[in-house]
Amino acid sequence: MALVLIDGKEIVVNPEETLLQAALRQNIYIPYYCYHPSLSIVGQCRMCLVKVEGAPKLLTACTTYVPELPKEKKIDGKYDMKIFTKSEEVKEAQRGVLEFLLLNHPLDCPICDQAGECQLQIYSYEYGNSRSEFRFEKLHAPKRVDLGEHIVYDAERCIKCTRCIRFCNEVTKSGELTLIKRGVHTYVDTFEGKSLNNPYSICTADICPVGALTYKEFRFKERVWFLQATNSVCPECSRNCSIRVDTYKGEIMRIVPRFNPSVNGYFMCDYGRLVSERIKNKEVREIPSLREKGILEPRMEKGFYKILLSKITRKYEPKDVAVILSGRMTNEELESFKVFSLIVFGEILGDVLYITGEKDDILVKDEKRANYCGAKFFDLKFTKANENIKNIIKGKKLVISIREDIFKGIKEEQVKEILSSVEIFVVMDAFFTETAKMSNFYIPLASWFEMEGTTFNYDAHLQKISKCVSPPKGRKPFYDVVSLMLNLLTEMEIKDFETAKEKEIESVKKVLDTFKERDVMKGGFVPWFKEVKNAIPQLKNISLKDLAPLGFSAKGKKDGDN
Amino acid sequence: MSKSVKELLSDKEFIRKVEKLKKLYPEERSSLLALLHLCQNEISYIPHEFQEFVAKELNISPAHIKGVVTFYEMFFDKPKGKYLIQVCRTLPCMLAGAEILLEHISTKLGIQPGQTTPDGKYTLVNVECLACCDKGPAIMINDNLYTRVTPDEFDNILKELK
Ligand code: SF4
Ligand code: SF4
Ligand code: FES
């Protein structure tokens, strides 16, 4: 461990870290382009030059390690190195580096997608010179190069930092990119007949510090400064990558990975990122619909739910009912389902459809829904994949399918056959799916990006999902639907809340036991319990005191309720 | 006529040379430049097929090989003429008249730097310093160096080339 005096401030530099890493860690900013915390160090861009006392020339902070000096050699009897990052010499070098980087740059910021979040703009403003000595015609280089399915490259804007190349060599290990030629003629290219098509390719656009790499799905969509950012979680596999959802006027414009060391690091896969594109093309219906004379007709909400409830509440033996649940349901939705099931059917039913697929050893997990871990914690039953849909439904009279398109790709006749014994088929989903079209009752739900909630990833890491865009009024989170139905039940005087309450406490205790074992209670009381209780007034009188024998208490007033 | 790359890669003798070169270095990947030279010596350029072959041999990405081939002016990834005419364009040669010489060669052969005559005889390129700054303008034709070359002298040299 070395002690360094940097611009008059003391910092500690560990043997395995560079000067730049140590400075950034201790909140001292040194500008840099080619350094990226998850990639190897190359010292390519020279932006991080600093003055090291006693060194004959400026050194790149990103490649400088600090050895400990013997006691008698310490500077001022104390320091192992003395650094200046703001001296005239350093400033001159920074101006020079930026001037070189911009020498042949087209300065086309007004039409560049990176504008507003471009490190060239930011550093030019902060460290650059307002004019250039270059008086000659600028060199031209390839523009709008299609590097792959998603990525477009502009060699004139590229500063040759090689981050994109190292990403492909070190993270995806697919090695598609290289620098070709030399000197001012250098640019990024692929091998003949090959393109940049690895499952994480769009991350290269994220880590490109300038506007050289952009991706087709976002190119020219919106100026970045108009975007509104909301933090959330990717729904597409049980990794639960932390994401930032950028929206404009209620529409998702792009999704970018959000750094989270215990979940996804800096990256996310293209498939997860492009979920926003896939859901754009899906058919939606905003209003609950009821099948009459063969046609699924939109209905007024209250009337619709009254009919539904009068037909299903305590009308069927639990053995005649099948409920298909989804790993796309948040903890809050799962919990409110249990309440719903207890009240309407007298016991907790439900099969979580377990859908798996390809995985890789970077981020993508084989579980293709976000919250299977939550469903496990909530003690729900699992059923593997589509094959078994038939078995779940066979001989049942009432079938409810929530957030899964169970009949996707199955022929209509076959679906009809599967449903032959079924009297009532209820579908709740954010999209008007093939399955939804076969239902007697269709309830539109808010999509993953249209509601608040929490989810557990495969490793029991709890994260919050957020309402990034507002759903139209008719589409609600499932817990709001449950709340609405339970209110109606009170009005309709079909209720059995006392036994439900007891059973609910039982089930909550069980869930909390699991949480305790898994050590996920550290952050105070689990938010879902509060949310669920807010959504379902009838459960308000379950207090944390009921749970006190378990040793749980609310940490701070705002999480608890008394 | 030199061999096609296909013939080259199925030539046992050639593959033996490749194996030998690979073993010459403590790390196999260090033999990259030697292998590229080997190919260029045999068939005058380094086709993409060969680059892919080397990539596999040395366990390096083909893209990286392309980076190396395009980095060095001495490597060609397209077939070049029988005679490679390299004209120095560094400052001292330019001051000594390299610009005029280049223009002369260009008109004489009817090609621009980087191009090959249709009959496949001459390829003209610009190069950086040939290390004869005191005797500019300098040119190299294949392995032979010529210094203080005037346009007239170039015409004489050309006559010698069969
Ligand atoms: S494209 Fe971007 S990331 Fe790649 S070398 Fe150029 S500036 Fe760096
Ligand atoms: S790895 Fe999984 S959670 Fe992460 S972005 Fe991809 S699909 Fe989404
Ligand atoms: S960040 Fe140090 S040289 Fe690029």
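A quick note: this is a predicted structure, and the numbers were derived from the prediction, not measured. (Residues numbered from 1 in each chain as written. Chains lettered and ligands numbered in written order. Predicted model: local features only at pLDDT ≥ 70, side-chain atom pairs only at ≥ 80, totals over all residues. Heavy atoms only, no water.)

J.: Help me understand the overall build of chain A in this model?
T.: Summing up its helical and strand segments, chain A has 15 helices and 23 strands in all. The buried share of chain A, reckoned over its 562 residues, is 55%. Put simply, 66% of the contacts in chain A that link residues at least 6 apart link residues at least 24 apart. For chain A, the exposed surface amounts to about 25800 Å²; the carbon and sulfur share of it is 52%. (Helix = DSSP H or I, 4+ residues; strand = E, 2+ residues; numbered from the N terminus. Buried < 20%, exposed > 50% of the residue type's maximum accessible area, 1.4 Å probe, protein only. Contact = heavy atoms within 4.5 Å. Areas by Shrake-Rupley, 256 points an atom, 1.4 Å probe, with all protein chains shown as cover.)

J.: Help me understand the pattern of salt bridges in this model?
T.: Pairing between side chains becomes possible if they bear opposite charge and their charged atoms approach one another. Residues and elements named next belong to chain B. A complete count under the given rule lists 46 salt bridges over all chains for this structure. The salt bridge involving lysine 135 is made with aspartate 134; its shortest N-O contact spans 3.4 Å. By relative accessible area, which is 31% here, lysine 135 ends up partly exposed. By relative accessible area, which is 54% here, aspartate 134 ends up exposed. (Salt bridge = Lys/Arg side-chain N within 4 Å of Asp/Glu carboxyl O.)

J.: Before we go on, may I ask you to explain the site of ligand 2 in this structure?
T.: Contacts to ligand 2 come from Cys234, Glu236, Cys237, Arg239, Asn240, Cys241, Met268, Cys269, Gly272, Leu363 and Val364 of chain A. Assessed atom by atom at 2 Å from the grid points, ligand 2 resides in the second largest pocket. (Near = heavy atom within 4 Å. 1 Å grid on protein atoms, 1.4 Å probe; cavity = no way out; pocket = protein on both sides within 12 Å on 5 of 7 lines; lining within 4 Å. Sits in = over half its atoms within 2 Å of the grid points.)

J.: Before we go on, may I ask you to explain the nonpolar core in this structure?
T.: Here is a general trend for soluble globular proteins: nonpolar side chains tend to be buried in one another's company. Residues and elements named next belong to chain A. Counting residues in hydrophobic clusters, the biggest one holds 92 residues, and the most contacted among them are Val4, Leu19, Tyr33, Tyr153, Phe167 and Phe449. Once residues within four sequence positions are removed from consideration, tyrosine 153 is found in contact with Lys143, Arg144, Val145, Leu147, Cys158, Tyr187, Val188, Ala212 and Leu213. Counting residues in hydrophobic clusters, the runner-up holds 62 residues, among them Tyr305, Leu309, Leu349 and Tyr442. (Core = buried A, V, L, I, M, F, W, Y, C linked by side-chain atoms within 4.5 Å.)

J.: What am I meant to see in the sheet that holds strand 4 (residues 144-146) of chain B here?
T.: In a beta sheet, neighbouring strands are held together by backbone hydrogen bonds and run either parallel or antiparallel to one another. Residues and elements named next belong to chain B. Strand order in the open sheet formed by four strands is 2-1-3-4, with mixed pairing between adjacent strands. Each edge of the sheet is formed by a strand with only one pairing partner; in this case those strands are strand 2 (122-127) and strand 4. On average, each strand axis in the sheet is inclined to that of its neighbour by 20 degrees, with strand direction left out of account. Pairing geometry for strand 1 (residues 83-88) and strand 3 (residues 139-141), over three bridges, is antiparallel. Pairing of glutamine 86 across the sheet is with methionine 140, part of strand 3. (Pairing = 2+ DSSP bridges. Axes fitted to C-alpha atoms, helices over the stretch in contact; angles between N-to-C directions.)

J.: How should the packing of helix 3 (residues 32-43) of chain B against helix 4 (residues 48-58) of chain B be read in this particular structure?
T.: How two helices sit against one another is set out by the angle between their axes and by the gap between those axes. Residue and element names in this part refer to chain B. Interhelical geometry of helix 3 versus helix 4 gives an angle of 150 degrees and a closest axis separation of 11 Å. With respect to helix 4, the axis of helix 3 lies roughly antiparallel. Of the two possible hands of crossing, helix 3 and helix 4 adopt the one that is right-handed. Contacts from Leu32, Leu35, Leu36 and Cys39 in helix 3 reach Phe50, Val54 and Leu58 in helix 4. (Parallel < 35°, antiparallel > 145°, perpendicular 65-115°, else oblique. Left-handed = near helix turned anticlockwise from the far one by under 90°.)

J.: Even after reading the chapter, I still don't get the packing of aromatic side chains, so can you show me in this structure?
T.: The relation between two aromatic rings is expressed through the spacing of the ring centres and the mutual angle of the planes. Residue and element names in this part refer to chain A. Taken as a whole, this structure holds 27 aromatic pairs over all chains when the rule is applied. Their ring planes at 25 degrees and their centres at 4.2 Å tell us that phenylalanine 259 and tyrosine 266 sit as a pair that is stacked. The exposure class of tyrosine 266 is partly exposed, given its relative accessible area of 28%. Here the aromatic residues Phe167, Phe259, Tyr266 and Phe267 are joined through ring pairs into a cluster of three or more. Here arginine 273 stacks its cationic end above the ring of tyrosine 215, 5.7 Å away from the centre of that ring. (Phe/Tyr/Trp six-rings, centres within 6.5 Å; stacked < 30°, edge-to-face > 60°. Lys NZ or Arg CZ within 6 Å of the ring centre and 35° of its normal.)

J.: Sorry if this is basic, but what is going on with the environment of methionine 47 of chain A here?
T.: Residue and element names in this part refer to chain A. By the secondary structure assignment, methionine 47 is in the loop between helix 1 (19-25) and strand 3 (49-52). Sequence spacing of methionine 47 and methionine 451 is 404 residues, and the spatial spacing of their C-alpha atoms is 43 Å. Dropping the residues within four chain positions of it, methionine 47 is found in contact with Pro31, Tyr32, Tyr33, Gln94, Val97, Leu98, Tyr123 and Tyr127.

J.: Is there a simple way to think about empty space enclosed by the protein in this case?
T.: Empty space among the atoms becomes visible once a probe the size of a water molecule is rolled across them. Residues and elements named next belong to chain A. In total, this model carries two cavities of 30 Å³ or more according to the counting rule given. By volume, the largest cavity is sized at about 70 Å³. Class assignment for the residues of the lining of the largest cavity results in 11 nonpolar, one polar and two charged. Looking at the second largest cavity, its volume works out to about 40 Å³. Taken together, Tyr215, Glu217, Phe218, Met253, Arg254, Ile255, Arg273, Leu274, Ser276 and Glu277 make up the lining of the second largest cavity. Where the lining of the second largest cavity is concerned, the elements lending two or more residues are strand 13 (251-257) and helix 7 (275-280). (Points joined across faces, edges and corners; volume = space filled by probe spheres on them. Nonpolar A, V, L, I, M, F, W, Y, C, P; charged D, E, K, R; others polar.)

J.: How do you make sense of the layout of surface pockets when you look at a structure like this?
T.: Empty space within the largest pocket amounts to approximately 1400 Å³. What lines the largest pocket is a set of 48 residues, and nearest its centre among them are Lys181, Arg182, Val184, His185 and Thr186 of chain A. The set of elements that each furnish at least two residues to the lining of the largest pocket consists of helix 2 (88-102) of chain A together with helix 5 (62-71) and strand 2 of chain B. Per-element tally for the lining of the largest pocket: the top contributor is strand 2 of chain B, with four residues. Of the residues in the lining of the largest pocket, the class split is 23 nonpolar, 14 polar and 11 charged.

J.: How do you make sense of the sheet that holds strand 15 (residues 295-298) of chain A when you look at a structure like this?
T.: Residues and elements named next belong to chain A. Read from one edge of the open sheet, eight strands run 15-14-21-20-19-16-17-18, paired in mixed fashion. The sheet is open, and its two edges are formed by strand 15 and strand 18 (381-384), each paired on a single side. Across the sheet, the axes of successive neighbouring strands diverge by a mean angle of 25 degrees, strand direction being ignored. As paired elements, strand 14 (residues 289-292) and strand 15 share four bridges and run antiparallel to each other. Residue pairing for strand 15: arginine 291 is matched across the bridge by leucine 296.

J.: Sorry, what's going on with the site of ligand 1 here?
T.: The environment of ligand 1 is made up of 14 residues, and the closest members are Cys158, Cys161, Thr162, Cys164 and Cys208 of chain A. At a threshold of 2 Å from the grid points, most atoms of ligand 1 map onto the largest cavity.

J.: How do you make sense of the packing of helix 4 of chain B against helix 5 of chain B when you look at a structure like this?
T.: Residues and elements named next belong to chain B. Contact geometry of helix 4 with helix 5 gives a least axis separation of 8 Å together with a crossing angle of 120 degrees. Taken together, the axes of helix 4 and helix 5 lie oblique to each other. You can see that helix 4 and helix 5 cross each other, and the crossing is right-handed. On helix 5, the residues touching Gln51, Glu52, Val54 and Ala55 of helix 4 are Pro62, Ile65, Lys66 and Val69. Its residues placed into classes, the contact of helix 4 with helix 5 shows five nonpolar, one polar and two charged.

J.: Can you walk me through the confidence of the model for chain B in this structure?
T.: Segments scoring low in pLDDT should not have their predicted coordinates read at a detailed level. Per-chain confidence: chain B averages 94 in pLDDT, with 99% of residues scoring 70 or above. ipTM for the predicted complex: 0.86, alongside a pTM of 0.88. (pLDDT = per-residue confidence, 0-100.)

J.: What is the right way to look at helix 3 (residues 119-127) of chain A in this model?
T.: Since the α-helix turns once every 3.6 residues, residues separated by three or four places project in the same direction. Residue and element names in this part refer to chain A. Turning to helix 3, its buried residues are Leu120, Tyr123 and Tyr127. Along helix 3, the residues classed as buried sweep out an arc of 75 degrees about the axis, all on the same side. Exposed residues lying more than 90 degrees from the buried face of helix 3 are Tyr125 and Glu126. Next to the buried residues of helix 3 lie helix 2. (Arc of directions from axis to C-beta.)

J.: Even after reading the chapter, I still don't get the side chain of glutamate 367 of chain A, so can you show me in this structure?
T.: By secondary structure assignment, the location of glutamate 367 of chain A is in the loop between strand 17 (351-354) and helix 10 (372-377). For glutamate 367 of chain A, the residues in contact, after removing those within four places along its chain, are Cys237, Ser238, Tyr354, Ile355, Thr356, Tyr372, Lys376 and Tyr458 of chain A.

J.: Please explain the environment of alanine 2 of chain A as it appears in this structure.
T.: Residues and elements named next belong to chain A. Relative to the assigned elements, alanine 2 resides in strand 1 (residues 2-6). Once the C-alpha coordinates of alanine 2 and glutamate 251 are considered, the two residues, 249 residues apart in sequence, prove to be 50 Å apart. Beyond its immediate stretch of four places on either side in the chain, alanine 2 contacts Ile11, Val12, Val13, Val66, Pro67, Glu68 and Asp80.

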